[in-house]
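# A look at the structure
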Amino acid sequence: MYYKIVAILLLVVITTQPLQSARILSIFGHEGPSQYIFVEPLLKRLAERGHFVTSITNFEQNVKNDHLRSIFIRENRHLCEALQNATNKHFDIEHFSVNGKIFSIAYQIAANILKNPEVVNMVQKETFDLIILDVIFAESLYGLLQYFDAPIIGMSIFGSSVSIDGLMGNSSPLSYVSSLTMTHRQDENMNFWKRFLNTMEFILGSVYVHYEYMPANRRFYERQFPNATKTIEDIQKKYAMIFLNDHPVITSPRPYVPNMIEVAGLHIPEIPEPLADHVYGILNNTHAFIYIAIGNLFPQNIMPGILNQLEQLPYPIIWNANNSPSSALRIPANVKFYTNLSHYALLAHPNCKLLISSGNFLSVIESIHFGLPILGLAYSYGNPEYDYRCKPALIIMINSIVSNFEHDNHHHHHHISVIYKNKNTKLCYNYNTTY
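As a starting point, this report considers the structure included with it. Worth saying up front: this structure is predicted, and the values here are computed from it rather than measured.

### Description of the overall build of the protein chain
Within the protein chain, the secondary structure is distributed over 16 helices and twelve strands. When each of the 435 residues of the protein chain is scored for burial, the buried share is 49%. Within the protein chain, residue pairs in contact and separated by at least 24 positions form 67% of the contacts whose partners lie at least 6 positions apart. Per element, the accessible surface of the protein chain, about 21,300 Å² overall, is 54% carbon and sulfur.

### A word on the pairing of strand 6 (residues 239-244)
Most of strand 6 is tucked away: five of the six residues are buried. Sheet analysis places strand 5 (residues 152-156) next to strand 6, joined by five bridges and oriented parallel. Note that in strand 6 the partner of Gly154 across the bridge is Ile242. In this structure, strand 6 lies alongside strand 7 (residues 260-262), joined through three bridges in parallel fashion. Its bridge partner lying in strand 7, Leu244 is registered against Glu262.

### Considerations on the sheet that holds strand 11 (residues 352-357)
Spatially, the five strands line up as an open sheet ordered 10-9-8-11-12, and their pairing is parallel. A strand with exactly one partner marks an edge of an open sheet, and here the two such strands are strand 10 (335-339) and strand 12 (374-376). On average, each strand axis in the sheet is tilted by 20° relative to the strand beside it, whichever way the strands run. Note that strand 9 (residues 317-321) and strand 10 share five bridges and pair parallel. Along strand 10, the bridge assignment pairs Trp319 with Phe337. Strand contacts of helix 15 (residues 393-407): strand 8 (289-293), strand 11 and strand 12, with the helix running at about 140° to strand 11, the strand carrying the most contacts.

### So, helix 9 (residues 192-224)
Here helix 9 is 33 residues long and its end C-alpha atoms lie 46 Å apart, about the 48 Å a rise of 1.5 Å per residue gives. At Val209, helix 9 shows its maximal bend, which comes to roughly 40°. The complete set of buried residues in helix 9 reads Asn198, Ser206, Tyr208, Val209, Tyr213, Met214, Pro215, Ala216, Asn217, Phe220 and Tyr221. Contacts made by the buried residues of helix 9 are with helix 5 (101-115), helix 7 (142-145), helix 8 (162-168) and helix 10 (232-236). Backbone nitrogen of Trp193 and a side-chain oxygen of the N-cap are separated by 3.2 Å at the start of helix 9; the cap is Asn191.

### Some points on the side chain of Gln61
With respect to the helices, strands and loops of the structure, Gln61 is situated in the loop between strand 2 (52-57) and strand 3 (68-72). Here Tyr36 takes part through its side chain, which lies 2.9 Å from a polar atom of the side chain of Gln61. For Gln61, the side chain forms a polar contact with the side chain of Thr57, separated by 3.2 Å. Apart from the residues lying within four places of it in its own chain, the contact partners of Gln61 are Tyr36, Ser55 and Ser70.

### Notes on the pattern of salt bridges
Taken as a whole and judged by the stated rule, the model has ten salt bridges. Residue Glu40 is joined to Lys44 by a salt bridge in which the shortest nitrogen-to-oxygen separation is 3.5 Å. In this pair, Glu40 and Lys44 both sit in helix 3 (residues 40-48), four residues apart, roughly one turn of the helix. Here Lys44 falls in the partly exposed class, since its relative accessible area comes to 34%. Between Asp149 and Lys230 there is a salt bridge; the shortest N-O distance is 2.8 Å. Linking Asp149 in the loop between helix 7 and strand 5 with Lys230 in the loop between helix 9 and helix 10, this pair joins segments that are 81 residues apart in sequence. Judged by its relative accessible area of 45%, Asp149 is partly exposed. Three or more residues are tied together by salt bridges with common partners; here these are Arg23, Arg69 and Glu126.

### Let's talk about the packing of aromatic side chains
Within this structure, the stated rule accounts for twelve aromatic pairs. Seen in terms of ring centroids, Phe28 and Tyr36 are 5.8 Å apart; in terms of plane orientation they differ by 75°. Their pairing is edge-to-face. Across this residue pair, the class does not change: Phe28 and Tyr36 are buried. Aromatic rings pair up to connect Phe103, Tyr107, Phe137, Tyr213 and Phe220 into one cluster. Here the basic side chain of Arg23 rests over the ring of Phe128, its NZ or CZ set 5.7 Å away from the ring centre.

### Remarks on a nonpolar patch on the surface
Nonpolar side chains collect at one region of the surface, where Val162, Phe192, Trp193, Phe196, Leu197, Met200, Phe202, Ile203, Val207 and Tyr211 lie side by side and expose about 1,000 Å² of accessible area between them. Per element, the largest residue contribution to the nonpolar patch is nine residues, and it comes from helix 9. Examined against the element boundaries, Phe196 turns out to sit in helix 9. Take Phe196: its relative accessible area is 38%, and that puts it in the partly exposed class.

### Observations concerning the packing of helix 4 (residues 77-87) against helix 5
Two quantities define a packed helix pair, namely the angle between the helix axes and the distance between the axes. The interhelical angle for the contact between helix 4 and helix 5, taken along N-to-C directions, is 155°, at an axis separation of 9 Å. Classified by the angle their axes make, helix 4 and helix 5 are roughly antiparallel. The chirality of how helix 4 crosses helix 5 is left-handed. Judged by residue contacts, Leu79, Cys80, Ala82, Leu83, Ala86 and Thr87 of helix 4 engage Ile102, Ile105, Ala106, Gln108, Ile109 and Asn112 from helix 5. Considered class by class, the residues forming the contact of helix 4 with helix 5 number nine nonpolar, three polar and no charged.

Definitions and limits used
- Residues numbered from 1 in each chain as written.
- Predicted model: local features only at pLDDT ≥ 70, side-chain atom pairs only at ≥ 80, totals over all residues.
- Heavy atoms only, no water.
- Helix = DSSP H or I, 4+ residues; strand = E, 2+ residues; numbered from the N terminus.
- Buried < 20%, exposed > 50% of the residue type's maximum accessible area, 1.4 Å probe, protein only.
- Contact = heavy atoms within 4.5 Å.
- Areas by Shrake-Rupley, 256 points an atom, 1.4 Å probe, with all protein chains shown as cover.
- Pairing = 2+ DSSP bridges.
- Axes fitted to C-alpha atoms, helices over the stretch in contact; angles between N-to-C directions.
- Expected span 1.5 Å × (residues − 1).
- Bend = angle between axes of the 7 residues up to and from the residue.
- Polar contact = N/O pair within 3.5 Å; in protein donor to acceptor, adjacent residues only side chain to side chain.
- Salt bridge = Lys/Arg side-chain N within 4 Å of Asp/Glu carboxyl O.
- Phe/Tyr/Trp six-rings, centres within 6.5 Å; stacked < 30°, edge-to-face > 60°.
- Lys NZ or Arg CZ within 6 Å of the ring centre and 35° of its normal.
- Patch = residues over 30% accessible without salt bridge, like charges linked within 9 Å, V, L, I, M, F, W, Y side chains within 5 Å.
- Parallel < 35°, antiparallel > 145°, perpendicular 65-115°, else oblique.
- Left-handed = near helix turned anticlockwise from the far one by under 90°.
- Nonpolar A, V, L, I, M, F, W, Y, C, P; charged D, E, K, R; others polar.

Here it is in structure tokens:
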């Protein structure tokens, strides 16, 4: 449904010849494959419609369209993993230090993109009509954007923030719109003390952005492009709109200017790829199954404990992984490992009763879209916060979730899913008819 938003993109890049194909540059330099899937379907659909799309990422892409060109920054593959490991740890001073590890890695990723031979050749010989840019550390790539002088569409995989609101001139009333770092849905019932904390966090965040974050980006910009003719502020004015991976069903409603658009579920296809017949046979022969969508398997010292607990569940379990498990592991009879199954076909199957994932935001949106409960199974990058080897909590939790889901006859989750889909349908209809 969300692919109709392509009409908005065409509105931005349209010229005096309405049927002219556009040249579009997409830069997701600081994100991995699990974040890139948010924008990937949109880029593919643009290419299918005849536009020429260039996508810069830090991982290899499976490109099957002559109109979609991939530029893989090989040096950034491991740097991106290091950046995600660093940012996924608990908040501390390291997250905010412009001289710390996180910023050092982010600037090194940007430097590798800017000096890549394909990118350098592209800057010298090509032009673009539109730039789609991930907002994470976007300022470090502004030097690249000055050459193309094209409108920018920002992509935020986590919703809005102080810096994004400031970028678009958006108002966020502190009385009921909480910051990203405050407790989820805190904004619904904030008392005076919580509103005071929210206000203080906004003030501190604004001070940090203006006196630490932006000066650090200006220094990097001036160092990489000493002869630049445009300032960072000049380039920020080129933002035409921001697509936000957010939805009122997930967070409380908040005001947005017209060019800040909530597009949660943009990555979910209208028609999922079908499963193999033998997989359908397994799923159709049971009244309920559990789907585990965790691509990177847990470390060898953690996997046996998880499998031992899954073995005690009365449901078949489909684990969709990036790689097959080690032959040294004892795989229970009710656990089936597969690689590269159709993720959305599994979620859409009527016998799927629970989604288990790493708990990332895209998985939460998918669970709402398909009307399923979700359980986050986390391992904090070498920090063993959870011991899955000896605690029976996992079994109790899964049995409780599935039992409540079936007892409720899916009504609650279905109701939320209907609200979510109705809002999305109206959103796309309004965009399509307006533009």
